[in-house]
Amino acid sequence: MIVLTGAGGKTGKAVLEAFAAKSFDVRAVIFRQEQSKEILDLGAQETVCGDMRDQQFVHLALEGARAVYHICPNVHPEEFAIGRNVIETAKYHSVELFVYHSVLHPQTEKMVHHWQKLRVEELLFESGLAHIILQPAPYMQNLLPYWEQIIHKGIYSVPYNPAAKISLVDLADVAEAAAILVGSNKYRGGIFEIAGTWALSQRDAAAIISQHLDKDIRVEQISLDTWRQKAQQNGLGNYEIKALLDMFQYYDQYGLAGNNRILSWLLGREPTQLYHFVNQLLGNQP
Ligand SMILES: NC(=O)c1ccc[n+]([C@@H]2O[C@H](COP(=O)([O-])OP(=O)(O)OC[C@H]3O[C@@H](n4cnc5c(N)ncnc54)[C@H](OP(=O)(O)O)[C@@H]3O)[C@@H](O)[C@H]2O)c1
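Below or above, wherever it landed, is the structure these notes cover. This one's a predicted model, so the numbers in the text were calculated from it and none came from an experiment. (Residues numbered from 1 in each chain as written. Predicted model: local features only at pLDDT ≥ 70, side-chain atom pairs only at ≥ 80, totals over all residues. Heavy atoms only, no water.)

Examining the overall build of the protein
When its secondary structure is counted, the protein shows 12 helices and nine strands. Here the C-alpha radius of gyration of the protein, 19 Å, is about what a compact globule of 286 residues would show, namely 19 Å. Expressed as lengths along the three principal axes of its C-alpha atoms, the size of the protein is roughly 55 × 40 × 35 Å. Of all intrachain contacts in the protein linking residues separated by at least 6 positions in sequence, the fraction that spans at least 24 positions is 74%. Total accessible area on the protein stands at roughly 13300 Å², and carbon and sulfur atoms take up 48% of it. Within the protein, one finds 25 positive and 31 negative side-chain charges whose respective centroids are separated by 2 Å. (Helix = DSSP H or I, 4+ residues; strand = E, 2+ residues; numbered from the N terminus. Rg over C-alpha atoms; globule rule 2.2 N^0.38 Å. Contact = heavy atoms within 4.5 Å. Areas by Shrake-Rupley, 256 points an atom, 1.4 Å probe, with all protein chains shown as cover. Lys, Arg positive; Asp, Glu negative; His and termini not counted. Charge placed at Lys NZ, Arg CZ, Asp CG, Glu CD.)

Here is the structure:
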């Protein structure tokens, strides 16, 4: 049985569906009990509900596990402590395989949420556990909160230089790769960069959307202050706001470029490109 943490989030649900498609036995860790039915319907055999910061709960969640697929809550101030706790508990329970859902370029100290992931990766190397690390690029699905504004107003707002080049990946491809990696012993000990596209600027992204929508899309750079005010209104915590502002400044200066050959090799096909993703959103035929 595989314990899947973060199962109620967007990554967790996608990974769960990919695991269910391969008939893996999954115990899904959720944070809100009301999600249980939805998660069981997506293919989990069982759910356990609790707080990943609670050591006793993590013990309960990992009892009897063959493998753990660990997805930390997004931009969480305690990502390192949560990671350490899950790794130590996995060791205690003699788990056969630990898979960590990391991020593209965890080596970037200027982005605290990337840096915390690098430190969790380091703990994993030192744990003696058989492990696999996935380093996914930003998801294409991150466009979704902007989608209504893009298609109705023709404006795509970003809080960093629209010329900054960033690789993207379709979350469905990430989940498919996760199931492939977990499903065979031959990937153990590996670190896998999971990027789907070459580095694209947000202007490139807007041009692709524009072409498929048959409508002009203007990319507008909003100030960090405007973004911060909106984030505060939406109830984002101080840690998340600071981490994401640092991320935008990093993108501004350096972009975040990966390479999609590893994902292509894992999937045995070309990864989903942004135009495929946009076509799917628009309900167009491929
Ligand atoms: N988004 C990207 O482009 C991207 C790219 C690469 C890697 N990643 C990584 O993927 C991971 C997951 O991201 P995501 O966007 O899928 O996250 P998400 O949608 O925010 O999901 C996180 C899940 O964890 C739950 N949760 C929050 N606090 C918890 C706690 N203390 N104990 C137990 N569960 C808790 C959340 O519940 P509530 O909803 O109730 O809060 C939610 O169900 C992150 O580590 C992120 O860095 C993301």
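What to know about the environment of F24
Turning to its location among the elements, F24 is positioned in the loop between α1 (10–21) and β2 (26–30). Along the backbone, F24 and G183 are 159 residues apart, and their C-alpha atoms lie at a distance of 8.5 Å. Discounting chain neighbours no more than four positions away, the residues touching F24 are I2, F19, Q45, A179, V182 and G183.

Some details on the site of the ligand
The full set close to the ligand counts 23 residues, and T11, R32, C72, K117 and N142 are the nearest of them. In the model, an oxygen atom of the ligand is placed 3.0 Å from a nitrogen or oxygen of the K10 main chain. Notes on the ligand: free accessible area 910 Å², of which the protein chains cover 83%. (Near = heavy atom within 4 Å. Polar contact = N/O pair within 3.5 Å; in protein donor to acceptor, adjacent residues only side chain to side chain.)

Points about the packing of aromatic side chains
How two aromatic rings sit relative to each other is given by the distance of their centres and the angle of their planes. Going through the model one piece at a time under the given rule, you end up with nine aromatic pairs. Taking 5.6 Å as the distance between ring centres and 80° as the angle between the ring planes, the aromatic pair formed by F19 and Y69 counts as edge-to-face. Taken together, the positions of F19 in helix α1 and Y69 in strand β4 (residues 67–70) put the pair 50 residues apart, joining distant regions of the chain. Across the pair, exposure class does not vary: F19 and Y69 are buried alike. Cluster of aromatic residues (ring-pair linked, three or more members): Y160, W227, F248 and Y251. In this structure, R119 packs its charged tip against the face of F80, placed 4.1 Å from the ring centre. (Phe/Tyr/Trp six-rings, centres within 6.5 Å; stacked < 30°, edge-to-face > 60°. Buried < 20%, exposed > 50% of the residue type's maximum accessible area, 1.4 Å probe, protein only. Lys NZ or Arg CZ within 6 Å of the ring centre and 35° of its normal.)

As for the sheet that holds strand β1 (residues 2–4)
Pairing within the open sheet is parallel, and its seven strands lie in the order β3-β2-β1-β4-β5-β6-β8. A single partner strand is all that each edge strand has here, and the edge strands are β3 (46–49) and β8 (191–194). Strand-to-strand twist in this sheet, taken as the mean axis angle between neighbours without regard to direction, amounts to 15°. Looking at chain direction, β1 and β4 are connected through three bridges and run parallel. Bridge pairing in β4 links V3 to V68. On top of the sheet, helix α3 (residues 55–62) reaches β1, β2, β3 and β4; it is set at about 160° to β2, its chief contact. Helix α4 (residues 79–92) contacts β4 and β5 (97–101) of the sheet and is inclined by roughly 175° relative to β4. (Pairing = 2+ DSSP bridges. Axes fitted to C-alpha atoms, helices over the stretch in contact; angles between N-to-C directions.)

Focus on the pairing of strand β6 (residues 131–136)
With six of six residues buried, β6 is to be regarded as a mostly interior element. Residues of β6 alternate between two faces, with H131, I133 and Q135 on one and I132, L134 and P136 on the opposite face, all of them buried. As paired strands, β5 and β6 are joined by four bridges and run parallel to one another. In the sheet register, F98 faces β6, and the bridge partner there is H131. Following the chain from β5 across helix α5 (residues 112–127) to the adjacent parallel β6, one finds a crossover that is right-handed. Across four bridges, the pairing between β6 and β8 is parallel. When the bridges of β8 are listed, Q135 appears paired with E193. (Right-handed = clockwise from strand over helix to strand, strands pointing away.)

So, the side chain of H101
Along the chain, the position of H101 falls in strand β5. Among the polar contacts listed, one links the side chain of H101 to the side chain of Y139, at a separation of 2.9 Å. In this structure, H101 is in contact with T11, Y69, H70, I71, K117, L134, P136, Y139 and V174, ignoring residues within four places of it in sequence.

Some details on the packing of helix α9 (residues 224–233) against helix α10 (residues 238–254)
Relative orientation of the contacting elements α9 and α10 amounts to 150°, with a least axis distance of 11 Å. Between α9 and α10, the angle is such that the two are roughly antiparallel. Every pair of crossing elements has a handedness; the one defined by α9 and α10 is right-handed. Along its contact with α9, which presents L224, W227, R228, A231 and Q232, the element α10 presents I241, L244, L245, F248 and Q249. Class assignment for the residues of the contact of α9 with α10 results in seven nonpolar, two polar and one charged. (Parallel < 35°, antiparallel > 145°, perpendicular 65-115°, else oblique. Left-handed = near helix turned anticlockwise from the far one by under 90°. Nonpolar A, V, L, I, M, F, W, Y, C, P; charged D, E, K, R; others polar.)

In short, geometric facts, not functional conclusions.
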